[in-house]
Amino acid sequence: MAGHDVGHRLTIVVGVTGGIAAYKAVAVVRAFVLAGHDVHVVATDAALRFVGKPTFEAISRNVVETDLYEGVAQVRHVAIGQAADLIVIVPATANTIAGLAAGLAGDLLGTTVLASAAPVVIAPAMHTEMWSNPATVANVATLRSRGMTIVGPAVGRLTGSDSGAGRLAEPEEIVAAALAVLRPRDLEGRRVLVTAGGTREALDPVRFVGNRSSGRQGLAIAAAAAARGAAVTLIGANLEVTAPASMTVRHVVSTLELEAAVTDAAPGSDLVIMAAAVADYRPETIAESKIKKETQGDRLTVELVRNPDILAGLAASRRPGQVVVGFAAETEPDDERLLALGREKIARKGSDFLVVNRVGWNEGFATESNTVLVLDAAGDIVMEASGSKESVADRLLDLLA
Ligand code: CTP
């Protein structure tokens, strides 16, 4: 799990509650410890009916806390929560979720959560009926509205012979989601401009020439930058995904509209990331009314004219200290030739970095994951990343921050 290392040692409280899936909490604790963190298990009495204290103590390398009335002199009921950088509850039963929603402080885990300002990540595990019960649904919504992060549950085999929603998320997923909550605030005070999506060029009032970009990668970058403290402006061209409230969003359709919005926002930005797939050409004229077969006959010729190169313009006019990042979408299957195309493109565009990704019928565009390599202005590879568009976004920001 070394890939999850956030760079410094965190104090993590793992709350374990009474469900069969408590045994999987052991793997979560172990992963945090192996990533170098200081892990304190707070287990409910019910949890210890499923997994023994010695197991958690051996794996966490710390004393397991359970009792509200032990160590009263050290005010443990609030001290543990106050010291935590992160609280992860795994598994969280329906009962625990209800208690958290109500703000109950009847056990050490309850007081720990109430006394803590740390982010709370909850991995529920229960039977499908309990998970979909309106009481649980309302309690989970309450916890979400308070900023807690819910991981899972997954759909799959449950404890009995039944299966459905309610299975604890995999330990790796819980660990990754928990550490993602603690992104470094290394873009605090920075103004970041991100373009995302694909521009569309109108042919007539109802038709356009466009591309298959969904805006997912650009949005993931914008969201990650906002999570790291940046003031983010997202210029979205025909996004298929909804932008979160953590950023200012401007919607555009065509390349010329995108250019106008970028020209307006770029001077006030420290970092500009051009993730949008920009149409290189637009119809020379846009028909006033719908193009009709009767007037066109068997063939239709549309004359296209070149659009301005927004990225090249940005790079040429950037002020000192401003960083401009371009993307290159290429269909070239050969790795060497892909790299050569990327080098040639960054030299042509003049940006500080170029994120090269392969696109195709089933690659890059409109998919959940991405594989990229990043070139610097000299054409050297400074980073390679593969995975979900969110993880690629984080790796890119690690580099840029
Ligand atoms: N871009 C731009 N303006 C354009 C075309 C592209 O700003 N008119 C930007 C894109 O947002 C991206 C980068 O330039 O950051 C590269 O886009 P890409 O489509 O890969 O390159 P092209 O300029 O279209 O080059 P080619 O035709 O050689 O693929």
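Residues numbered from 1 in each chain as written. Predicted model: local features only at pLDDT ≥ 70, side-chain atom pairs only at ≥ 80, totals over all residues. Heavy atoms only, no water.

Caption draft 1: Seen up close, the nonpolar core. Counting 34 residues, the largest nonpolar core has Val16, Phe32, Phe56, Val88, Val90 and Ile174 as its most contacted members. When contributions to this core are tallied by element, the ones reaching two or more residues are β1 (11-16), α1 (22-34), β2 (38-43), β3 (86-92), β4 (120-124) and α9 (171-181). Ranked by residue count, the leading element in this core is α1, at eight residues. Once residues lying within four places of it in the same chain are set aside, the contact partners of Phe32 are Ile12, Val14, His37, Val39, Val88, Val175, Ala178 and Leu179. (Core = buried A, V, L, I, M, F, W, Y, C linked by side-chain atoms within 4.5 Å. Buried < 20%, exposed > 50% of the residue type's maximum accessible area, 1.4 Å probe, protein only. Helix = DSSP H or I, 4+ residues; strand = E, 2+ residues; numbered from the N terminus. Contact = heavy atoms within 4.5 Å.)

Caption draft 2: Region of the structure containing unusual backbone geometry. Between Val90 and Pro91 the backbone carries a cis peptide bond, its omega angle lying at -10°. Inspection of the secondary structure assignment puts Pro91 in strand β3. Of the consecutive residues Gly152 and Pro153, the connecting peptide bond is found in the cis state with omega at 0°. When you line up the elements, Pro153 lands in the loop between β5 (149-150) and β6 (154-157). Positive phi, normally seen in glycine, also occurs at Arg61, with a value near 65°.

Caption draft 3: Representation of helix α10 (residues 216-227) within the structure. Compared with an ideal rise of 1.5 Å per residue, which puts 12 residues at 16 Å, α10 spans 16 Å between its outermost C-alpha atoms and is within 8% of the ideal. Of all the 12 residues making up α10, nine are buried; the element is thus mostly covered by neighbouring parts of the structure. Looking only at α10, the buried set comprises Gln217, Gly218, Leu219, Ala220, Ile221, Ala222, Ala224, Ala225 and Ala226. Close packing links the buried residues of α10 with β8 (191-197), β11 (231-237), β13 (271-274), β16 (323-330), β18 (369-376) and α15 (389-400). (Expected span 1.5 Å × (residues − 1).)

Caption draft 4: How the structure looks around the sheet that holds β16. Taken in spatial order, the eight strands line up as β12-β11-β8-β13-β16-β17-β18-β19 in an open sheet, and their pairing is mixed. Taken across any chain shown, the strands that pair with only one partner, and hence form the sheet edges, are β12 (248-252) and β19 (381-388). For this sheet, the mean angle separating the axes of adjacent strands, direction not counted, is 15°. The pairing of β18 with β19 spans seven bridges and is antiparallel. In the strand pairing of β19, Leu373 is matched with Glu384. Across the sheet, α10 lies against β8, β11, β13, β16 and β18, angled at about 160° from β8, the strand it touches most. Of the strands in this sheet, β13 and β16 touch helix α13 (residues 310-317), which is tilted by about 155° from β16. (Pairing = 2+ DSSP bridges. Axes fitted to C-alpha atoms, helices over the stretch in contact; angles between N-to-C directions.)

Caption draft 5: How the structure looks around the packing of α10 against α15. Two elements in contact, α10 and α15, have axes separated by 8 Å at closest approach and are oriented at 55°. One element, α10, and the other, α15, form an angle in the oblique class. Taken as a pair, α10 and α15 cross one another with a handedness that is right-handed. Seen from α10, the contacting residues are Arg216, Gln217, Ala220, Ile221, Ala224 and Ala225; seen from α15, they are Lys389, Glu390, Val392, Ala393, Asp394, Leu396 and Leu397. (Parallel < 35°, antiparallel > 145°, perpendicular 65-115°, else oblique. Left-handed = near helix turned anticlockwise from the far one by under 90°.)

Caption draft 6: Spotlight on the site of the ligand. What surrounds the ligand is a group of 15 residues, the closest being Asp280, Leu311, Phe327, Lys345 and Lys349. In the model, an oxygen atom of the ligand is placed 2.8 Å from a nitrogen or oxygen of the Phe327 main chain. Lys349 is positioned with one of its side-chain polar atoms (N or O) 2.5 Å from an oxygen atom of the ligand. Contact with the protein chains covers 81% of the free accessible surface of the ligand, which is 570 Å². Within the residue set of the shell around the ligand, elements represented by two or more residues are α13, β16 and α14 (335-349). Looking at which element gives the most residues to the shell around the ligand, the answer is β16, with four residues. A per-class count over the shell around the ligand returns nine nonpolar, one polar and five charged. (Near = heavy atom within 4 Å. Polar contact = N/O pair within 3.5 Å; in protein donor to acceptor, adjacent residues only side chain to side chain. Areas by Shrake-Rupley, 256 points an atom, 1.4 Å probe, with all protein chains shown as cover. Nonpolar A, V, L, I, M, F, W, Y, C, P; charged D, E, K, R; others polar.)

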